[in-house]
Amino acid sequence: MANDNGNQAVPMVTVNASTSRTSALAPAEKPGKFSGIDFKCWKQKMFFYLTTLCLQKFIKEDVPDLPDETPENESFLVIEAWKHSDFLCKNYILSGLDDNLCNVYSGVETSKELWNALEKKYKTEDVGMKKFVAAKFLDYKMVDNKSVITQVQELQVTIHDLLAEGLVINEVFQVAAIIEKLPPLWKDFKNYLKHK
């Protein structure tokens, strides 16, 4: 259909609010399978994915505890709705795990238990990641047979990784460390920079 200017008219679509009340966010792309490496990144992506599905609250909630005066049929409906949503949440998380890990954690009852078990197991391994990144930074040495610019960029990535792990390095220390890591043939330039 063309309008007076010859451009195609865009049809207007109306959406009934009662039929799409939970579709405020389109589901994000499902995160890749977690195989036991880089839990922090996977966890953040999975949490965002669950949020777009409006299921993130189930990783923190237990079965609702309703007051005694709640009618039995209402109580049944609320608990069944919670169980259904928790089942979906738990299985979205399980489907985001590598098959070997899925087999290990498939017997967990609720989303909250699953999320806590994963955090307990893999958050402690992230502490080792801090040590690994710090050691990588301290051990880094520049070489003469590689572009200094490329090596500085590699060092900047390592510094970014340190900051991402919450290890703060002040700017003076970063500059001094980079100067010390310059290749051996740059000895005179290193001394010049130190005294500048």
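Owing to the predicted nature of the structure, the values given are computational and were not obtained by experimental measurement. (Residues numbered from 1 in each chain as written. Predicted model: local features only at pLDDT ≥ 70, side-chain atom pairs only at ≥ 80, totals over all residues. Heavy atoms only, no water.)

## Topic: the overall build of the chain
Within the chain, the secondary structure is distributed over 7 helices and 0 strands. Reading the secondary structure of the chain in the N-to-C direction produces α-α-α-α-α-α-α. Here the chain holds 196 residues, and the buried ones make up 28% of them. At a minimum sequence separation of 6, the contacts of the chain that also span at least 24 residues come to 58%. As presented, the chain carries roughly 14,000 Å² of accessible surface, and 57% of it is formed by carbon and sulfur atoms. (Helix = DSSP H or I, 4+ residues; strand = E, 2+ residues; numbered from the N terminus. Buried < 20%, exposed > 50% of the residue type's maximum accessible area, 1.4 Å probe, protein only. Contact = heavy atoms within 4.5 Å. Areas by Shrake-Rupley, 256 points an atom, 1.4 Å probe, with all protein chains shown as cover.)

## A few points about the pattern of salt bridges
According to the stated counting rule, one finds 5 salt bridges in the structure shown. Among the salt bridges present, the one from glutamate 119 reaches lysine 43, with a minimum N-O distance of 2.5 Å. One end of the pair, glutamate 119, is in helix H4 (residues 111-139); the other, lysine 43, is in helix H1 (residues 39-52), and 76 residues separate them in sequence. For glutamate 119, a relative accessible area of 18% translates into the label buried. Classification of lysine 43 by relative accessible area gives partly exposed; the value is 21%. Residue lysine 194 is joined to glutamate 180 by a salt bridge in which the shortest nitrogen-to-oxygen separation is 2.7 Å. Of this pair, lysine 194 sits in helix H7 (residues 187-195) while glutamate 180 sits in helix H6 (residues 171-180), and the two are 14 residues apart along the sequence. Its relative accessible area of 42% is what places glutamate 180 among the partly exposed residues. (Salt bridge = Lys/Arg side-chain N within 4 Å of Asp/Glu carboxyl O.)

## Section: the confidence of the model for the chain
Keep in mind that low pLDDT regions are not for reading the predicted coordinates in detail. Here the chain shows a mean pLDDT of 82. Residues at 70 or above account for 84%. Predicted confidence is poor over residues 1-24, with pLDDT under 50, and the contacts of this stretch with residues over four places away or in other chains come to 7 contacts. (pLDDT = per-residue confidence, 0-100.)

## As for the packing of H1 against helix H2 (residues 72-95)
Remark: H1 packs on H2, axes separated minimally by 11 Å, with the N-to-C direction vectors making an angle of 145°. Between H1 and H2 lies a crossing whose hand is right-handed. Within the contact between the two elements, H1 uses Trp42, Met46, Tyr49 and Leu50 and H2 uses Cys89, Tyr92 and Ile93. Grouping the amino acids of the contact of H1 with H2 by side-chain chemistry returns 7 nonpolar, no polar and no charged. (Axes fitted to C-alpha atoms, helices over the stretch in contact; angles between N-to-C directions. Left-handed = near helix turned anticlockwise from the far one by under 90°. Nonpolar A, V, L, I, M, F, W, Y, C, P; charged D, E, K, R; others polar.)

## Quick notes on the side chain of threonine 158
Position of threonine 158 relative to the elements: it lies in helix H5 (residues 148-164). Sequence-distant contacts of threonine 158, defined by excluding residues within four places in its chain, comprise Val133, Lys136 and Phe137.

## Focus on the environment of alanine 28
On the secondary structure map, alanine 28 appears in the segment before H1. On the basis of relative accessibility, which here comes to 17%, the residue alanine 28 falls in the buried class. Setting aside chain neighbours within four positions, we find alanine 28 in contact with Phe48, Tyr49 and Thr52.

## Description of the nonpolar core
One finds Trp42, Leu50, Ile93, Leu97, Tyr105 and Leu118 to be the most contacted residues of the largest nonpolar core, which totals 22 residues. Residues contacting leucine 50, with those up to four places away along its chain left out, are Leu55, Gln56, Ile59, Cys89, Tyr92, Ile93 and Trp115. Of all hydrophobic cores here, the second largest spans 11 residues; its members include Phe137, Tyr140, Val148 and Leu162. (Core = buried A, V, L, I, M, F, W, Y, C linked by side-chain atoms within 4.5 Å.)

## What to know about H2
Under the 1.5 Å per step criterion, the end-to-end length of H2 is 34 Å for 24 residues, consistent within 8% with the ideal 34 Å. Within the sequence span of H2, burial applies to Ser75, Trp82, Ser85, Asp86, Cys89, Lys90, Ile93 and Leu94. (Expected span 1.5 Å × (residues − 1).)

## Quick word on a nonpolar patch on the surface
On the surface, a nonpolar cluster with roughly 440 Å² of combined accessible area is contributed by Leu185, Trp186, Phe189 and Tyr192. With respect to the helices and strands, tryptophan 186 occurs in the loop between H6 and H7. (Patch = residues over 30% accessible without salt bridge, like charges linked within 9 Å, V, L, I, M, F, W, Y side chains within 5 Å.)

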